[in-house]
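So you can see what is in the structure, the chains are spelled out below.
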Amino acid sequence: MSFAAITGVGAYLPGRIVTNDDLAATVDTSDEWIRTRTGIRERRIVAADETTSDLGAGAARAALLDAGLEPDDIDLLVVGTSSPDMVMPSTACLLQGKLGLTCAAFDVMAACTSFIFALQAAASAIESGRARRVLVVGADALTRLIDFSDRRTCVLFGDGAGAFVLEASEEQGVLGIDLGSDGTKPEVLQVPAGGSTMPASHETVDAGLHFLQMNGQEVFKFAVRAIPATTKKALAASGLALDDLTWLIPHQANQRILDTVADRLKLPHERVFSNIELLGNTSAASIPLAVNDLYTSGSLRRGDVLALVGFGAGLTWGAAIVRWTKEDL
Ligand code: COA
């Protein structure tokens, strides 16, 4: 059996920065409230003519460059997103066309956990011998699904994309993965209309049902339970313990969630990565964007052990334990 290892990492962020003060100019909120309740200071927002696959293409090109590969070298593309360019075709197909890939391409939709589910699909394809080089992209333009007059949600999200190249390797890069879903609570975090339940109509648009709706406190409680539990399960599946972790890299949704998780796991806060201040919640992109930040800042060393941990609508959650096998920058 081949192992899967990360050989390329890339990121792409839209150019427009929207600060808390910018939001406070149009909705009843304040920089102070947003910073103290979430840790977010600013976020990036897609341009009017930019799509999720455009963000993904930027990240994917950077990851290919980092891996030293050409589009023709890739034999599978997996895209994690919950803000697809359109209902069909898949964002992965649109991205495949933009990149000039010729391989099979498909989307994975698990809300903010999409990247971890996509990573599982990619690693499994390599481990089974069905693929040797897989491009895994987490891309979201969730601000396209946000009601910017709803202060409970509009302050939380930002847009972006991150990507990994995974290759067959004699070194085990992807160690254990734990995934979970609980489909009994869809109402906690959902976009009610636009699917087969409530097709688009004047009424659904007038009622704002195409926007993201969230019970923030329920999501918070779920996240601080799910992250420690899935991290421990994935570590156990890897034959490792919390002490072996160099970095815990959770989905970036709220600094208070990250702090609570660090306390519950008794991890020093400086080992729990955070860049939420500058990016907000970028959904499927947040984990590869976090890894890219650590990598490009020279903070990752060959042999480091990373726990990549996601949670989100569904409900879904998951953790991937990864040994960093790239040479030091
Ligand atoms: N600015 C100012 N006030 C706001 C506000 C904003 N942007 N958003 C909410 N409020 C108000 C509420 O209306 C409420 O006012 P009230 O007491 O008069 O009713 C008050 O602030 C407290 O609201 P509450 O919902 O209890 O705040 P909170 O401390 O739970 O923080 C979240 C709200 C959304 C920041 C927090 O619950 C959270 O981060 N949850 C997780 C969300 C998440 O991670 N989602 C993505 C998952 S992938």
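Since we're looking at a predicted model, the values are computed, not measured.

Participant: How would you explain the nonpolar core if you had to name every residue and give the values?
Facilitator: With 46 residues, the main nonpolar core has Leu245, Leu248, Ile257, Phe311 and Ile321 as its most contacted residues. When residues of this core are traced back to their parent elements, those giving at least two are α8 (216-237), α9 (255-265), β12 (305-312) and β13 (316-323). Considering each element in turn, this core owes the most residues, eight residues, to α8. Counting residues domain by domain, this core receives three or more from each of domain 1 (3-171) and domain 2 (176-323). When sequence neighbours within four positions are dropped, the list of residues in contact with Ile257 reads Phe220, Ala223, Val224, Ile227 and Phe311. One finds Ala125, Ala168, Phe273 and Leu294 within the second-largest nonpolar core, a separate group that totals 37 residues.

Participant: Any chance you could break down the environment of Val291 for me, citing the residues and the numbers?
Facilitator: Examined against the element boundaries, Val291 turns out to sit in helix α11 (residues 286-296). Considering only alpha carbons, one finds Val291 and Phe273, 18 residues apart in sequence, at a separation of 9.0 Å. Discounting residues that sit within four places of it in the chain, Val291 has contacts with Val9, Phe164, Ile249, Leu300, Leu308 and Trp324.

Participant: Quick one: what's the story with the domain arrangement of the protein, residue by residue and with numbers?
Facilitator: Under the domain assignment, the protein is made up of domain 1 (3-171) and domain 2 (176-323). Measuring from the centre of the C-alpha atoms in domain 1 to the corresponding centre in domain 2 gives 14 Å. The partner domain 2 presents 42 residues to the 48 residues of domain 1 that form the contact. Buried surface at the junction of domain 1 and domain 2, both sides included, amounts to about 3500 Å², of which 66% is carbon and sulfur. A salt bridge links Arg41 to Glu277; its shortest N-O distance comes to 2.6 Å. Run the count over domain 1 and domain 2 and you get 16 residue pairs in polar contact (both at pLDDT 80 or more). For the side of domain 1 that touches domain 2, the secondary structure elements donating two or more residues are β1 (3-12), α2 (31-38), β3 (42-45), α5 (114-127), β6 (133-140), α6 (151-154) and β7 (160-169). The element contributing the most residues to the side of domain 1 that touches domain 2 is α5, with six residues.

Participant: I'd like to hear about the packing of α8 against α9, residue by residue, with values.
Facilitator: Helix-helix packing: each pair is described by the crossing angle between the helix axes and the interaxial distance. Axis separation between α8 and α9 bottoms out at 9 Å; the angle between their running directions is 45 degrees. What the angle tells us is that α8 and α9 run oblique. You can see that α8 and α9 cross each other, and the crossing is right-handed. Within the contact between the two elements, α8 uses Phe220, Ala223, Val224, Arg225, Ile227, Pro228 and Lys232 and α9 uses Arg256, Ile257, Thr260, Val261, Arg264 and Leu265. For the contact of α8 with α9, the residue count by class is eight nonpolar, one polar and four charged.

Rules behind the numbers
Numbering of residues begins from 1 in every chain and follows the order in which that chain's sequence is written. A pLDDT threshold of at least 70 governs which residues receive local features in this predicted model, and a stricter bar of 80 or more applies before side-chain atom pairs are shown or counted, although totals over entire chains, interfaces and linings include all residues. With hydrogens and water set aside, each side-chain value is computed from the structure's full complement of heavy atoms. For the purposes of this section, nonpolar cores are sets of buried Ala, Val, Leu, Ile, Met, Phe, Trp, Tyr and Cys residues that join through side-chain atoms within 4.5 Å. Relative accessibility under 20% of the residue-type maximum defines a buried residue, over 50% an exposed one, and the middle range a partly exposed one, all with a 1.4 Å probe and only protein chains included. Numbering of helices and strands runs from the N terminus; a helix is a DSSP stretch of H or I covering at least four residues, while a strand is a stretch of E covering at least two. Each domain's limits were defined by an automated method or a database of domain assignments. Whether two residues are in contact is decided by their heavy atoms, any of which lying within 4.5 Å being enough. Here the buried area means the combined drop in accessible surface, using a 1.4 Å probe, for two parts upon being joined, counting both sides. Each reported salt bridge corresponds to a side-chain nitrogen of Lys or Arg within 4 Å of a carboxyl oxygen of Asp or Glu. Pairs of N or O atoms within 3.5 Å make up the polar contacts considered here, provided that, within protein, one atom can donate a hydrogen while the other can accept it, and that residues adjacent in sequence are counted only when both atoms are side-chain atoms. To define axes, lines are fitted to C-alpha atoms, for helices over the stretch in contact only, and angles between the resulting N-to-C directions are given on a 0 to 180 degree scale. We call two directions roughly parallel when the angle between them is under 35 degrees, roughly antiparallel when it is over 145, roughly perpendicular when it lies between 65 and 115, and oblique otherwise. It is the rotation of the near helix from the far one that decides the hand of a crossing: anticlockwise by less than a right angle makes it left-handed, clockwise makes it right-handed. Charged residues are taken to be Asp, Glu, Lys and Arg, nonpolar residues to be Ala, Val, Leu, Ile, Met, Phe, Trp, Tyr, Cys and Pro, and polar residues to be all remaining types, Gly included.

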